[in-house]
Amino acid sequence: MLASVWIVLLAVNIQAGDGQSVQMDSIKSGFVGSQVELRCIFINSNPPVKISQVTWQKFLNGTKQNVAIANPSLGVSVLPPFKERVTFKQAAVRHRTPSLEDTTIMFSNLRLSDEAAYICEYTTFPAGNRENMVNLTVFARPLTRMTLTTPTIVARPQKRKMTVATCLSANGKPPSVIKWDTRLKGEATFQETQNANGTVTVRSNYVVVPSRETHKQKLTCIVTYNSERITDSVVLNVQYEPEVKIDGFDGNWYLDRQDVSLTCNADANPPVTVYQWKVVNGSLPNTVKILNNSLIFKGAVTYELAGTYVCAATNGIGTRTGLVQVNVTEFPNNPPPGGREIPQEQHNAGAVIGCAVGGVVLLAAAATLLFVFLRRRQRTFKGDYSTKKQVFGNGYSKAGGLPAHPPIPNNLQYPDDSDDEKKPAQIAVTGGFEASERDFDGDAEDLKRPYFTVDEGESRDYDERTLAFQYDPESEIADDMVSQTDGSVISKKEWYV
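Values in this document were obtained by computation on a predicted structure and should not be read as measured data.

Draft legend 1. Fine view of the overall build of the protein. Along the backbone of the protein there are three helices and 33 strands. Each of the 497 residues in the protein was classed as buried or not, and the buried ones make up 33%. Put simply, 58% of the contacts in the protein that link residues at least 6 apart link residues at least 24 apart. Taken as a whole, the protein presents about 30500 Å² of accessible surface, with 51% of it coming from carbon and sulfur.

Draft legend 2. Focus on the side chain of Asn 132. Locating Asn 132 in the fold gives a position in strand S12 (residues 128-137). From its side chain, Asn 132 meets the backbone oxygen of Val 22 in a polar contact 3.0 Å long.

Draft legend 3. Quick look at the sheet that holds strand S28 (residues 319-326). Taking strand neighbours across the sheet as the criterion, the three strands line up as S24-S27-S28 in an open arrangement whose pairing is antiparallel. A single partner strand is all that each edge strand has here, and the edge strands are strand S24 (274-279) and S28. Ignoring strand direction, the axes of neighbouring strands in this sheet form an average angle of 20°. For strand S27 (residues 307-314) and S28, the ladder comprises eight bridges, and the chain directions are antiparallel. What sits directly across from Cys 311, in S28, is Gly 322.

Draft legend 4. Structural context of the pattern of salt bridges. Within this structure, the stated rule accounts for 10 salt bridges. The salt bridge involving Glu 241 is made with Arg 320; its shortest N-O contact spans 3.8 Å. In this pair, Glu 241 is assigned in strand S21 (residues 238-247) and Arg 320 in strand S28, connecting sequence segments 79 residues apart. Of the residues examined, Glu 241 reaches a relative accessible area of 22% and is grouped as partly exposed. Relative accessible area serves as the criterion here: at 35%, Arg 320 is assigned to the partly exposed category. When salt bridges with common partners are traced through the structure, they connect Arg 212, Glu 213 and Asp 267 into a single cluster.

Draft legend 5. Inspection of the environment of Gly 248 at higher detail. Position of Gly 248 relative to the elements: it lies in the loop between S21 and strand S22 (253-254). By relative accessible area, which is 43% here, Gly 248 ends up partly exposed. Linking Gly 248 and Cys 264, residues 16 residues apart in sequence, is a C-alpha distance of 9.0 Å. Discounting chain neighbours no more than four positions away, the residues touching Gly 248 are Trp 253, Ser 261 and Leu 262.

Draft legend 6. Molecular detail of the nonpolar core. Counting 28 residues, the largest nonpolar core has Trp 56, Phe 107, Tyr 118 and Tyr 122 as its most contacted members. Each residue touching Phe 107, except ones within four places of it in the same chain, is listed here: Ser 34, Gln 35, Val 36, Leu 38, Phe 82, Arg 85, Val 86, Asp 114 and Tyr 118. Core analysis: the next-biggest nonpolar cluster, separate from the first, contains 21 residues, Ala 268, Val 272, Val 301 and Val 324 among them.

Draft legend 7. Examining the state of the cysteines more closely. Inspection of every chain in the model, using the stated rule, returns three disulfides. One disulfide in the model links Cys 40 with Cys 120; its S-S distance is 1.9 Å. Across the disulfide from Cys 40 to Cys 120, rotation about the S-S bond amounts to roughly -85°, and the bridge is consequently left-handed. Placement of the pair is Cys 40 in strand S5 (residues 40-43) and Cys 120 in strand S11 (residues 117-125), with a sequence separation of 80 residues. Here Cys 40 and Cys 120 have matching classes, each one buried. Each sulfur in the disulfide pair Cys 167 and Cys 221 lies 1.6 Å from the other.

Draft legend 8. Here's a closer look at the sheet that holds strand S17 (residues 187-194). Read from one edge to the other, the open sheet built from four strands follows the order S13-S15-S18-S17, with strand pairing classed as antiparallel. Across the chains shown, the open sheet's two edge strands, defined by having one partner strand only, are strand S13 (143-148) and S17. The mean inter-strand angle of the sheet, taken between neighbouring strand axes irrespective of direction, is 15°. Relative to strand S18 (residues 200-208), S17 runs antiparallel, the two sharing eight bridges. Opposite Gln 194, over in S18, you have Val 200 as the bridge partner.

Draft legend 9. Fine view of the pairing of S21. Inspection of the sheet shows strand S14 (residues 153-154) paired to S21 by two bridges, in the parallel sense. Within S21, the position partnered with Ile 153 by the bridge is Val 238.

Draft legend 10. Quick look at the packing of aromatic side chains. Counted by the stated rule, this structure contains seven aromatic pairs. Seen from their ring centres, Phe 42 and Tyr 122 are 4.7 Å apart, and the 25° between their planes marks the pair as stacked. Placement of Phe 42 in strand S5 and of Tyr 122 in strand S11 is noted, with a sequence separation of 80 residues between them. The two residues Phe 42 and Tyr 122 agree in class, both being buried. The interplanar angle of 70° and the centroid separation of 5.5 Å between the aromatic rings of Phe 249 and Trp 253 together place this pair among those described as edge-to-face. What makes Phe 249 partly exposed here is its relative accessible area of 23%. The exposure class of Trp 253 is buried, given its relative accessible area of 1%. An aromatic cluster of at least three residues, connected via ring pairs, comprises Phe 249, Trp 253, Phe 297 and Tyr 309.

Draft legend 11. Expanded view of the environment of Ile 43. Along the chain, Ile 43 turns up in strand S5. Classification of Ile 43 as partly exposed rests on a relative accessible area of 31%. Each C-alpha atom of the pair Ile 43 and Gln 20 lies 5.4 Å from the other, and the pair is 23 residues apart in sequence.

Draft legend 12. Main features of a nonpolar patch on the surface. Together, Leu 370, Phe 373 and Leu 374 line one region of the surface with nonpolar side chains, adding up to about 300 Å² of accessible area. Within the secondary structure, Leu 374 sits in helix H1 (residues 344-378).

Draft legend 13. Highlighting the side chain of Asn 71. Along the chain, Asn 71 falls in strand S7 (residues 63-71). On the accessibility criterion, Asn 71 (11% relative accessible area) is buried. Aside from chain neighbours lying at most four places away, what touches Asn 71 is Ser 52, Gln 53 and Pro 98.

Parameters and conventions
The numbers attached to residues start from 1 for each chain and follow its sequence in the written order. Residue-level local features of this predicted model are given only where pLDDT is at least 70; pairs of side-chain atoms are given and counted only at 80 or more, and the full residue set underlies all totals for whole chains, interfaces and linings. To get the side-chain values, take all heavy atoms of the structure and skip hydrogens and water. Helix numbers and strand numbers start at the N terminus; a helix is a DSSP run of H or I with at least 4 residues, a strand a run of E with at least 2. Residue exposure (1.4 Å probe, protein chains only): buried if accessible area is under 20% of the type maximum, exposed if over 50%, otherwise partly exposed. Residue contacts follow a heavy-atom distance rule, with two residues in contact if any of their heavy atoms lie within 4.5 Å. Accessible areas in this description were obtained via Shrake-Rupley with a 1.4 Å probe; residue shielding takes into account the shown protein chains only. Whenever a nitrogen or oxygen atom comes within 3.5 Å of another N or O atom, the pair is scored as a polar contact, on the condition that within protein one atom can donate a hydrogen and the other can accept it, and that pairs from neighbouring residues in sequence are kept only if both atoms are in side chains. Two strands make a pair as long as DSSP finds a minimum of two bridges between them. All axes here are fitted lines through C-alpha atoms, helices being fitted over the stretch that makes contact, and every angle between N-to-C directions spans 0 to 180 degrees. Criterion for a salt bridge: a side-chain nitrogen of Lys or Arg within 4 Å of a carboxyl oxygen of Asp or Glu. For our purposes a nonpolar core is just a set of buried Ala, Val, Leu, Ile, Met, Phe, Trp, Tyr and Cys residues, chained together by side-chain atoms within 4.5 Å. Disulfide: a pair of cysteine sulfur atoms within 2.5 Å of each other. Pairing of aromatic rings covers Phe, Tyr and Trp, the last counted by its six-membered ring, and requires centre-to-centre distances within 6.5 Å; plane angles under 30 degrees mean stacked, over 60 mean edge-to-face, and any other angle means tilted. The residues that make up patches have over 30% relative accessible area and no salt bridge, and they are joined within 9 Å when like-charged or within 5 Å when they are Val, Leu, Ile, Met, Phe, Trp or Tyr.

Take a look at the structure:
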């Protein structure tokens, strides 16, 4: 196919000072193989001048080449290589006594080599020469085509990229622009080649990883040339190994169930030609019948049917397998009341919600225990080992240990029949001292147990008579001692350290 050439003619009218002028078209265009008209008209003066000759010339790279000549006496002459393609439009020019005011020429079967500047020159008497020049520009429409790189595209396990299609726009002037339209996730490459005749060839390859997903996908090449839009499309034919899936086991094969089967379904290009069945670590049951790509189990379901079934599917590209684990139960898996089974997604959602609620409960319990522990700790005795006072009786020292106090006399008696807080009974001592007795208020928390304090700096000795010493505990307790929840007391000075 020949590309077309568009010819642009730019003319400038030259007006002579005495009234003669040469008029031409400002611009002309056409494609290769088409015809174009180059207008040239002489405007004579009054009185008119005599036209002696008209000459058309091609001006290229500073060199002039004659194209056609019209002479009133000698006639018309078209020089090679334009002789077969250039003619004067007006028949009067070709007469024995020609009229040369209109010497328009017709260019037919345009070529890329016709691109140049052309001069239309009038020789007159007595005015001399009058001329005008037009610039000729040639354009070519490209040849566009789209092809598959190979008739057979094979998807390989290595998943390598390959060129699947090529879009070509050849011998265009100016060059074309190529784009791709497809859903494929590929990439395009582009290359431009400058030809010797001034045209440009644009080539674009589309690269993709062939796979089962690319099979039967449409690929469109869009070529834009000037204001024209040219499209061409192909559909990919990708060959790939079988994709195998076994259907038929619904998870509810139970004893004595009838009419069960397994079917080996394979998506493959080209189609699967051979199906093979086997059982992992065993053999096919005796009651099974192989029919094309299916296993038909005759009679009732038994435990013999349980196992892992494997189907191998083979086509011209390779072999792939699929498997299914068949379990046989004693009783059918009946759906819950209402006739609708609970989807596994709902089971999973319930488990997630249950775990979340359990976690919240555990966190709440842990927070409660921590709160109780901190509250009890706040109410616990706080002290150190720099104790100034010691509490005797049922109290504790601030250091948390047992105080060093005189031994309790043997005749200190407590009633055996009371669970209340113990109160000392009357104490009888020897050695000339008489024990004094004091009644304590049983409802007063600070006076439930006998106690007194001794400065650690004192060095006097204590014996059994010490406990019979008369003292006034109320002022001591009220002013300096604090009762604890466990029944003990402690000095305020030590508590607020």
